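Next come the chains, spelled out residue by residue.
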Amino acid sequence: MDKTSSRQLPIMIIIVLGVMTTFGPLTIDMYVPSLPSVQSDFSTTASEAQLSLSFAMIGLALGQFTFGPLSDAFGRKKIALIIITIYAIASFIAIFTTSMTGLLILRLIQGLTGGGAIVIAKASIGDQHKGKTLAKGLASLLVVNGIITILAPLVGGYALAVANWQAIFLILTVVSLLILVFAIFKMEETRTNELSKLNFGAIFKDFGSLLKTPAFILPMLLQGLTYVMLFSFSSAAPFITQKIYEMTPQQFSFLFAVNGIGLIIMSQVTAKLVERFNRYFLLIALTTIQLTGVILIVISLTLHLPLWVLVIAFFLNVCPVTGIGPLSFALAMESRTGGSGNASSLLGLFQFILGGIMAPLIGIKGEYNTLPYITVLIITALLIIGLEISLKYFQKQNN
């Protein structure tokens, strides 16, 4: 069993692992402003263009599912260096792709390797920390992640202003190589004395045990659904703002950056509040804010209210993700039955699979129709309410 500690995380570890978690915003957020351009260049539909986002999300899910257990068996750092290298190669090849099929394959590879880096970063913290320290540590990682979340769409928007969407993949190639160098010299190995043989039978047995544990599965579902809000925004907002509200890619990138600032603020507020308030109470409070955003988005899009109202609605809907996510992750990790890599990979798998499924559905009726997005938001909101009630009931039953 992994050793755990309640000591504070060293700042250098936070920076190193935080940089590794940026493969999420790098792969998704930097690319998001280019979706309408990709649709135009490949002469395809909005839904098919969103598949390039979906493939990356599914890759992020499968990457966490695969590389979490592999890092349990072979070590965090060794696996991290291999997959970051592959990510850089895939990004470079994507610059020259001329077919939608080729782009989708490369986006899947980016997602697979990026997801591996993310789960290894989270599992590295789970190796040595637990409880409130784990929740605070994950929230701290999101500061670094949030900074990249702000910068990534801005860089992507600027690249589209001076070049084309291929320039985004050139930037990703350079950035991933820099992260590789950073990981080589600064990343610590947290599994040195606890490596074990890779046993897929034991891994799936552990997964089965976790999926039978309400204390694990309820927070897992809640984390997954709150990220549906974020990923559906990433998929729908580029078309809603640029096609319906006639924003430029650069203006949209600033909107995305504002939400990134909100994500950072929320992660840090949560990290402070977790010391003073019950985590279940915080989950309910943050979820209430998110659901308020859902209501405002539905009203804004149905009545076609001014853009500033929609911007506020997006902000309220998206920003609580970095509070709900770490709290749910920490609650789930506390009930794990095996390696933290297994539990972390299962959490990541569910989170990004949901996002990957939702992305192409958002544009199924075309880039000017918001009904699919509204439908996804309403269904997700109702499921979240049900989970909050179940989680509260489970807490009372176990007190």
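What this report covers is the structure whose coordinates are included nearby.

What counts and what doesn't
- Residues numbered from 1 in each chain as written.
- Predicted model: local features only at pLDDT ≥ 70, side-chain atom pairs only at ≥ 80, totals over all residues.
- Heavy atoms only, no water.
- Helix = DSSP H or I, 4+ residues; strand = E, 2+ residues; numbered from the N terminus.
- Contact = heavy atoms within 4.5 Å.
- Areas by Shrake-Rupley, 256 points an atom, 1.4 Å probe, with all protein chains shown as cover.
- Expected span 1.5 Å × (residues − 1).
- Polar contact = N/O pair within 3.5 Å; in protein donor to acceptor, adjacent residues only side chain to side chain.
- Axes fitted to C-alpha atoms, helices over the stretch in contact; angles between N-to-C directions.
- Parallel < 35°, antiparallel > 145°, perpendicular 65-115°, else oblique.
- Left-handed = near helix turned anticlockwise from the far one by under 90°.
- Nonpolar A, V, L, I, M, F, W, Y, C, P; charged D, E, K, R; others polar.
- Buried < 20%, exposed > 50% of the residue type's maximum accessible area, 1.4 Å probe, protein only.
- Patch = residues over 30% accessible without salt bridge, like charges linked within 9 Å, V, L, I, M, F, W, Y side chains within 5 Å.
- Salt bridge = Lys/Arg side-chain N within 4 Å of Asp/Glu carboxyl O.
- Phe/Tyr/Trp six-rings, centres within 6.5 Å; stacked < 30°, edge-to-face > 60°.
- Lys NZ or Arg CZ within 6 Å of the ring centre and 35° of its normal.

**As for the overall build of the protein**
Step number 1: Tallying secondary structure elements over the protein gives 16 helices and zero strands in all.
Step number 2: Taking all contacts inside the protein whose residues are at least 6 apart in sequence as the whole, residues at least 24 apart take part in 87%.
Step number 3: Here the protein displays about 15600 Å² of accessible surface, and carbon together with sulfur accounts for 70% of that area.

**Focus on the environment of V318**
Step number 1: As for its position among the elements, V318 is in helix α13 (residues 307–318).
Step number 2: In this structure, the C-alpha to C-alpha distance between V318 and F231, residues 87 residues apart in sequence, is 9.1 Å.

**A look at helix α12 (residues 279–303)**
Step number 1: Look at α12: 36 Å from first C-alpha to last across 25 residues, which is about the 36 Å you get at 1.5 Å a residue.
Step number 2: Its side-chain oxygen at 2.7 Å from the backbone nitrogen of Y280, N278 defines the N-terminal cap of α12.
Step number 3: Immediately beyond the C-terminal end of α12, within one or two residues, lies H304, with a positive phi of roughly 50°.

**Looking at the packing of helix α10 (residues 214–244) against helix α14 (residues 321–333)**
Step number 1: Two numbers describe how α10 lies on α14: the axes approach to 8 Å, and their chain directions differ by 160°. With respect to their mutual orientation, α10 and α14 come out roughly antiparallel. Crossing of α10 over α14 shows left-handed handedness. For the pair formed by α10 and α14, the contact residues are A215, F216, P219, L222, Q223, T226, Y227 and L230 on the first element and V321, I324, G325, S328, F329, L331 and A332 on the second.
Step number 2: Taken together, the residues that form the contact of α10 with α14 break down as 11 nonpolar, four polar and no charged.

**Some words on unusual backbone geometry**
Of all residues except glycine, most have a negative phi; of all peptide bonds, most are trans.
Step number 1: One non-glycine residue with positive phi stands out, namely E246, at about 60°.
Step number 2: Examined against the element boundaries, E246 turns out to sit in the loop between α10 and α11 (249–273).
Step number 3: When its relative accessible area of 66% is taken as the criterion, E246 is described as exposed.
Step number 4: With a phi angle near 50°, H304 is a residue other than glycine that sits in the positive phi range.
Step number 5: Here H304 shows up in the loop between α12 and α13.

**Considerations on the environment of A80**
Step number 1: Residue placement: A80 occurs in helix α5 (residues 76–94).
Step number 2: Here the alpha-carbon distance between A80 and L180, two residues 100 residues apart in the chain, equals 8.6 Å.

**Quick notes on a nonpolar patch on the surface**
Step number 1: A surface patch of nonpolar side chains, amounting to about 420 Å² of accessible area, comprises I89, F92, I93 and F96.
Step number 2: With respect to the helices, strands and loops of the structure, F92 is situated in helix α5.

**Brief notes about the environment of L222**
Step number 1: Examined against the element boundaries, L222 turns out to sit in helix α10.
Step number 2: For the pair formed by L222 and L387, sequence separation is 165 residues and the distance between their alpha carbons is 6.5 Å.
Step number 3: For L222, the residues in contact, after removing those within four places along its chain, are L283, I324, S328, I384, L387, E388 and L391.

**Let's talk about the packing of aromatic side chains**
Step number 1: A complete count under the given rule lists 10 aromatic pairs for this structure.
Step number 2: Aromatic side chains F92 and F96 sit 5.3 Å apart centroid to centroid with 75° between the ring planes, which places their arrangement in the edge-to-face category.
Step number 3: Between W165 and F169, the aromatic rings sit 6.0 Å apart at their centres with planes inclined by 85°, giving edge-to-face as the arrangement.
Step number 4: Overall, W165 belongs to the buried group, its relative accessible area being 2%.
Step number 5: Following the ring pairs from residue to residue traces out a cluster consisting of Y31, F42, W165 and F169.
Step number 6: The ring of Y31 carries R107 above its face, with NZ or CZ at 3.9 Å from the centroid.

So far we have only geometry, and geometry alone does not tell us how the molecule works.
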